[in-house]
Amino acid sequence: MPQSPSLPKYLQDDDISQECSDLLPSLQCEQGWLGASLHLYQGFWVGPRHLKGVLACQRHFRAQDTDILLVTTPKSGTTWLKAILFTLLNRTKYSGSGSQLQHPLLSQNPHDLVPFLELNLYIEQDVPDLASLPPPRLFATHLAYQSLPQSVRDSKCKLVYLCRNPKDTCVSLWHFTNKLRPKDRGENSLQEALDRFCRGVSLFGPYWDHVLGYHKVSSETPEKALFLKYEDMKEDPRASLKRLAGFLECPFSEDELRDGTVDDILRLCSFDSLSGLEVNMSGKLASGEENKAFFRRGEVGDWVNYLSVDMAERIDRVVEEKLHGSGLRL
Ligand code: PAP
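For the structure given in this document, a descriptive report is provided here.

The rules we used
Residues numbered from 1 in each chain as written. Predicted model: local features only at pLDDT ≥ 70, side-chain atom pairs only at ≥ 80, totals over all residues. Heavy atoms only, no water. Near = heavy atom within 4 Å. Polar contact = N/O pair within 3.5 Å; in protein donor to acceptor, adjacent residues only side chain to side chain. Areas by Shrake-Rupley, 256 points an atom, 1.4 Å probe, with all protein chains shown as cover. Helix = DSSP H or I, 4+ residues; strand = E, 2+ residues; numbered from the N terminus. Nonpolar A, V, L, I, M, F, W, Y, C, P; charged D, E, K, R; others polar. Contact = heavy atoms within 4.5 Å. Buried < 20%, exposed > 50% of the residue type's maximum accessible area, 1.4 Å probe, protein only.

1. Remarks on the site of the ligand
Line of reasoning, step 1. Surrounding the ligand, one finds 20 residues, the nearest of these being Thr78, Thr79, Ser172, Arg297 and Gly298.
Line of reasoning, step 2. Separating an oxygen atom of the ligand from a side-chain N or O atom of arginine 164 is a distance of 2.9 Å.
Line of reasoning, step 3. Taking serine 172, its side chain carries an N or O atom lying 2.6 Å from an oxygen atom of the ligand.
Line of reasoning, step 4. Expressed as a share of its isolated accessible area of 630 Å², the protein-covered part of the ligand is 97%.
Line of reasoning, step 5. Looking at the shell around the ligand, the element that brings in the most residues is helix H3 (residues 78–89), giving three residues.
Line of reasoning, step 6. When its residues are assigned to classes, the shell around the ligand shows seven nonpolar, nine polar and four charged.

Given below as structure tokens:
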């Protein structure tokens, strides 16, 4: 039965391909955070609309050696790192007093500037024309490593991975999805959200499998994948940005280090700067989410204001158990 056209696009789960409809009945299914279904595909939970994008992108995306792919678990700072990567890679074009061009971040949300492969480009069209984009092409994805299009793994394209403390990730996802749920579906309680998260049923989760997949790639092939943590970026943003620039082979020159370019990028992309822009206070993405939903507190450790001691211990126990032996601490 077709869904109401008044539903925002991100909730319209009936506009899916035949291939997707054929596949869905064979996949394990759970109720998701937005009230609609989530399906376990290649070990990770996705909604029907996302599955359409995942299948199309796996089949049609051809990575180039110069591509840069930002990969994140949802709510780990994607919006922030999209802004930083865009600004870093375009810094000569827009920065400095000589530039006549207004910076795109002042009028566009970071998600409009750095599209997701499976959530934007390959949902809008089966085969978007991406070949003519100038290098380096910058895309984002929430896909798990084993679900990436084969060409991403085979090419020399670079992966920038960002994750975040699981308790903050869970609380952020809880707030975000409650904001996005239609009013008539009510809100998820924190207990429900926590149960789902700890069972691994979160968008593109299980959280720990996602993180471990990229941690392994980054440990084994550091030139392929850079593994970043939100908390480290918050603690020492300058060092993180310099590390990122080095990894992407566009290090800051001596002049740039002297003239404040690093701080300019960080200031422009900061929570206060982005969240205060008109476009992010009142605009919407093409997929229907309000831009302001991507800016809440932007702090480390905000979970403490929401999770009881028992709740926090439950997440810690699950995650510690799953990460055991990996050398990774979150
Ligand atoms: P996505 O994965 O759905 O795109 P994402 O951007 O990762 O979302 O999540 C938003 C989180 O990043 C929010 O965290 P919070 O709920 O704990 O507050 C949001 O506030 C935070 N965030 C957004 N922009 C910035 C920024 N410029 N600096 C730091 N944190 C930010």
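2. Considering the environment of valine 171
Line of reasoning, step 1. With respect to the helices and strands, the residue valine 171 is situated in helix H8 (residues 166–180).
Line of reasoning, step 2. Once the C-alpha coordinates of valine 171 and leucine 307 are considered, the two residues, 136 residues apart in sequence, prove to be 8.1 Å apart.
Line of reasoning, step 3. Beyond its immediate sequence surroundings of up to four residues, valine 171 is in contact with Arg296, Trp303, Tyr306 and Leu307.

3. Observations regarding unusual backbone geometry
Line of reasoning, step 1. Going from proline 135 to proline 136, the amide bond is cis rather than trans, its omega being -5°.
Line of reasoning, step 2. Checked against the element boundaries, proline 136 lands in the loop between helix H6 (117–124) and strand S5 (138–141).
Line of reasoning, step 3. One non-glycine residue, glutamine 42, lies in the positive phi region at around 55°.
Line of reasoning, step 4. Note that glutamine 42 resides in the loop between strand S2 (37–41) and strand S3 (44–46).
Line of reasoning, step 5. Assessed through its relative accessible area of 38%, glutamine 42 is described here as partly exposed.
Line of reasoning, step 6. Phi at glutamate 249 takes a positive value of approximately 60°, unusual for a residue other than glycine.
Line of reasoning, step 7. Secondary-structure assignment places glutamate 249 in the loop between helix H12 (237–247) and helix H13 (254–259).

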